[in-house]
Amino acid sequence: MIRYSKLSILVLFALVLLLSSCSRKIGYGVLLWSVEEPSIFSGMVLPVYIKSNIDQVWVVGIPEALRNEKSADKIEVPLSQFEFVGNRKKAQNRAIDFSEFAQIYAENMQDGLPIRDNADNNSRRIYRLRLGEIVKVLGKASGSPPISTTGDPLPGDWLKVLTKDGITGYCFSYRLKLIDQNEDSLQSTGTTARETVYDPDLDMILSRTWSPEIYLQMLNSRKINIQTFEKKYRFDPGNETGIARIILPDLERNFNYARIIQDGDRSWRFEGTNLQMNLRSNNNLVVQFAEGAGTRRTLLFVTLPTDVNDIILQENTRRQGRFMQIHNQGPVFTSNNYGTITFISTGDFTWTGYELLVPQIFPAETKGAGRITMDLYINPSFEDRYNGAFTLRFTDIRTNNTFYFLYGIDNQGLRLEIVPDFGIEDTTVMRRSQSPMVLYFFRDST
């Protein structure tokens, strides 16, 4: 009589369970990435027998028509390359939905092209494609396209893609070459895939916005020129398009490159161009390129502690607060000599009875309506007399419609001093007229 130990019984029981589970389907799914041996095309519905989180594979059945005498009836497929659906009908419906893209792959034509976690050029980058790398296209996605060097949207679509090593995300198609497996090989065509060594410094550069040094100077001095910030001057490495861009008030240059190559310690060159960049610190990037006669131009770009759009919003809020101080003190101010100014909460103004200022200050065609902008700062030496400065723009004057004023608020009213054009440097009132013209308006208490 044969006797079994408890351990041998447990082992035998586990073996029986394993064998039975291998022969019993747990459901069906759709193959996302074609299998070479045996040849099974993506988009096929396959039965599923096992999911192994340890080995990171599905065990799926091979269709009988694709088997040969030497092949098994099951195959292991990486978890990321197969979509488990459930029952056969659901899997068939999913295969129909997927059929448009089942045979579509794409070859990357731009070294470092990012895959993002959403179909948006500002979303987080989760993967950087190697030049010539093949990805599986899973479908299209809705999203705003990246902007070209002309300021127009790039042609193409956001695609949901899958990399060979299992990363799923979104990539814009402009720098992808679509491949139909029914017609083409999945081997890289015309571009040799290069092994990319992970470069954390380059990855950081490509993930940040690089603004001109003048932006940081404005931010540190707390003198924000909104119009300059709205231009969004910058250095863009162009990892979405393969076109690096320098956009400054006096310069706009585009550099078409194949890839970014490390060229020393924290230094890189853009292959196919004379453009180079060097990371001085995590927040300072030096960009160099050749100009005429072989001279090289060097530019400094920085990362800002706050997004440009947030800086503009904060500055607009500050200006609105300054304007409301004047508005709440009035909003109507009257002078016996210089008329009546009314400040409207929308930022507009009206000015009547200013005839004594014509034509010495205002043109004869002035009708006295326009908009106030709190866009000026003042020399600290003026702060003991004035609260600030602003610009009045008359909407009914075709030329020379802009006038600058220092202003001071007190309990009785509003004091204005006309500032000559030569008194303004950038956005700051630096000088007063030698014979300043001061206008005083009493607040209207009625």
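Residues numbered from 1 in each chain as written. Predicted model: local features only at pLDDT ≥ 70, side-chain atom pairs only at ≥ 80, totals over all residues. Heavy atoms only, no water.

Enquirer: I'd like a description of the overall build of the chain, backed by residues and values.
Expert: A count of helices and strands for the chain gives 6 helices and 31 strands. Counting all 446 residues of the chain, 43% fall into the buried class. Entry remark: accessible area of the chain is about 24,300 Å², with carbon and sulfur atoms responsible for 49%. (Helix = DSSP H or I, 4+ residues; strand = E, 2+ residues; numbered from the N terminus. Buried < 20%, exposed > 50% of the residue type's maximum accessible area, 1.4 Å probe, protein only. Areas by Shrake-Rupley, 256 points an atom, 1.4 Å probe, with all protein chains shown as cover.)

Enquirer: Can you explain the sheet that holds strand 19 (residues 276-281)? Please cite residues and give values.
Expert: Taken in spatial order, the 6 strands line up as 13-21-20-19-18-17 in an open sheet, and their pairing is antiparallel. Edge positions in the sheet fall to strand 13 (211-212) and strand 17 (260-262), since each has one partner strand and no second. In this structure, strand 20 (residues 284-290) lies alongside strand 21 (residues 296-302), joined through 7 bridges in antiparallel fashion. Residue pairing across strands places F289 opposite R297, the latter belonging to strand 21. (Pairing = 2+ DSSP bridges.)

Enquirer: Talk me through the pattern of salt bridges; I want residue IDs and the actual numbers.
Expert: Applying the stated criterion across every chain, the model contains 18 salt bridges. Note that D157 is salt-bridged to K140, the shortest N-O span being 3.9 Å. One end of the pair, D157, is in the loop between strand 9 (134-141) and strand 10 (158-163); the other, K140, is in strand 9, and 17 residues separate them in sequence. The closest approach of N and O atoms between D348 and R371, which form a salt bridge, is 2.9 Å. Taken together, the residues D348 in strand 24 (residues 348-352) and R371 in strand 25 (residues 369-378) connect sequence positions 23 residues apart. For R371, a relative accessible area of 40% translates into the label partly exposed. Within the structure, one salt-bridge network assembled from shared partners comprises R125, R128 and D203. (Salt bridge = Lys/Arg side-chain N within 4 Å of Asp/Glu carboxyl O.)

Enquirer: Can you lay out the pairing of strand 31 (residues 438-443) for me, pointing to particular residues and giving the numbers?
Expert: With 2 bridges connecting them, strand 22 (residues 332-335) and strand 31 associate as antiparallel partners. Directly across from F333, in strand 31, lies its bridge partner R443. Of the pairings in the sheet, the one linking strand 28 (residues 413-419) to strand 31 comprises 5 bridges and is antiparallel in character. Opposite G413, over in strand 31, you have F442 as the bridge partner.

Enquirer: I'd like a description of the confidence of the model for the chain, backed by residues and values.
Expert: Model confidence for the chain is summarised by a mean pLDDT of 88, while 89% of its residues fall at 70 or above. This stretch, residues 1-21, has a pLDDT under 50; its non-local contacts, to residues over four places away or in other chains, come to 2 contacts. (pLDDT = per-residue confidence, 0-100. Contact = heavy atoms within 4.5 Å.)

Enquirer: Before we move on, could you go through helix 2 (residues 88-98) and cite the residues and values that matter?
Expert: Inspection of helix 2 places A91, A95 and F98 among the buried residues, and these make up the whole buried set. Take helix 2 and look down its axis: the buried residues cluster within an arc of 65°, on one side only. Exposed and oriented more than 90 degrees from the buried face of helix 2 are K89, K90, I96 and D97. For helix 2, the secondary structure elements touched by its buried residues are strand 1 (27-31), strand 2 (45-52), strand 5 (82-86) and strand 9. At the N-terminal end of helix 2, a side-chain oxygen is found 3.2 Å from the backbone nitrogen of K89, two or three residues along, and the residue is N87. (Arc of directions from axis to C-beta. Polar contact = N/O pair within 3.5 Å; in protein donor to acceptor, adjacent residues only side chain to side chain.)

Enquirer: Help me get a handle on the packing of aromatic side chains, residues and values and all.
Expert: Each pair of aromatic rings is reported with the distance of its centres and the angle of its planes. By the definition in use, this model includes 23 aromatic pairs. With centroids separated by 5.8 Å and ring planes inclined at 80°, the aromatic side chains of Y354 and F362 adopt a geometry described as edge-to-face. Look at Y354 and you get buried, because its relative accessible area is 9%. Overall, F362 belongs to the buried group, its relative accessible area being 0%. The ring of Y105 carries the charged tip of K136 above its face, separated from the ring centre by 4.9 Å. (Phe/Tyr/Trp six-rings, centres within 6.5 Å; stacked < 30°, edge-to-face > 60°. Lys NZ or Arg CZ within 6 Å of the ring centre and 35° of its normal.)

Enquirer: Could you give an account of the side chain of Q329, with specific residues and numbers?
Expert: Structurally, Q329 can be placed in helix 6 (residues 308-329). In this structure Q329 touches I409, D410, N411, Q412, G413 and R443, once residues within four positions along its chain are discounted.

Enquirer: Report on the sheet that holds strand 15 (residues 243-248), specifying residues and quantitative values.
Expert: Reading across the sheet, the 3 strands line up as 14-15-16 and stay open at both edges, with antiparallel pairing between neighbours. The open sheet has two free edges, formed respectively by strand 14 (234-236) and strand 16 (251-256), since each of these has just one partner strand. Neighbouring strand axes in the sheet, compared pairwise and without regard to direction, differ in orientation by 5° on average. Summarising the sheet, strand 15 and strand 16 pair through 6 bridges and their orientation is antiparallel. Across the sheet, the residue bridging to I243 is N256, located in strand 16. (Axes fitted to C-alpha atoms, helices over the stretch in contact; angles between N-to-C directions.)

Enquirer: I'd like a rundown of the pairing of strand 25, residues and numbers included.
Expert: Most of strand 25 is tucked away, with 7 of its 10 residues classed as buried. In this structure, strand 24 lies alongside strand 25, joined through 3 bridges in antiparallel fashion. Looking at strand 25, one finds that T350 is bridged to A369. In this structure, strand 25 lies alongside strand 26 (residues 388-394), joined through 5 bridges in antiparallel fashion. Residue pairing in the sheet places T373 in a bridge with T391 of strand 26.

Enquirer: Can you lay out unusual backbone geometry for me, pointing to particular residues and giving the numbers?
Expert: Negative phi is the rule for most residues except glycine; trans is the rule for most peptide bonds. The peptide bond linking E37 to P38 adopts the cis configuration, its omega dihedral lying at -5°. The topology assignment puts P38 in the loop between strand 1 and strand 2. Note that the residue after G330, namely P331, is joined by a cis bond; omega there is 0°. By the element assignment, P331 lies in the loop between helix 6 and strand 22. Here the phi dihedral of D426 falls at roughly 55°; this positive angle occurs in a residue that is not glycine. Looking at the secondary structure, you find D426 in the loop between strand 29 (424-425) and strand 30 (428-429). Assessed through its relative accessible area of 79%, D426 is described here as exposed.

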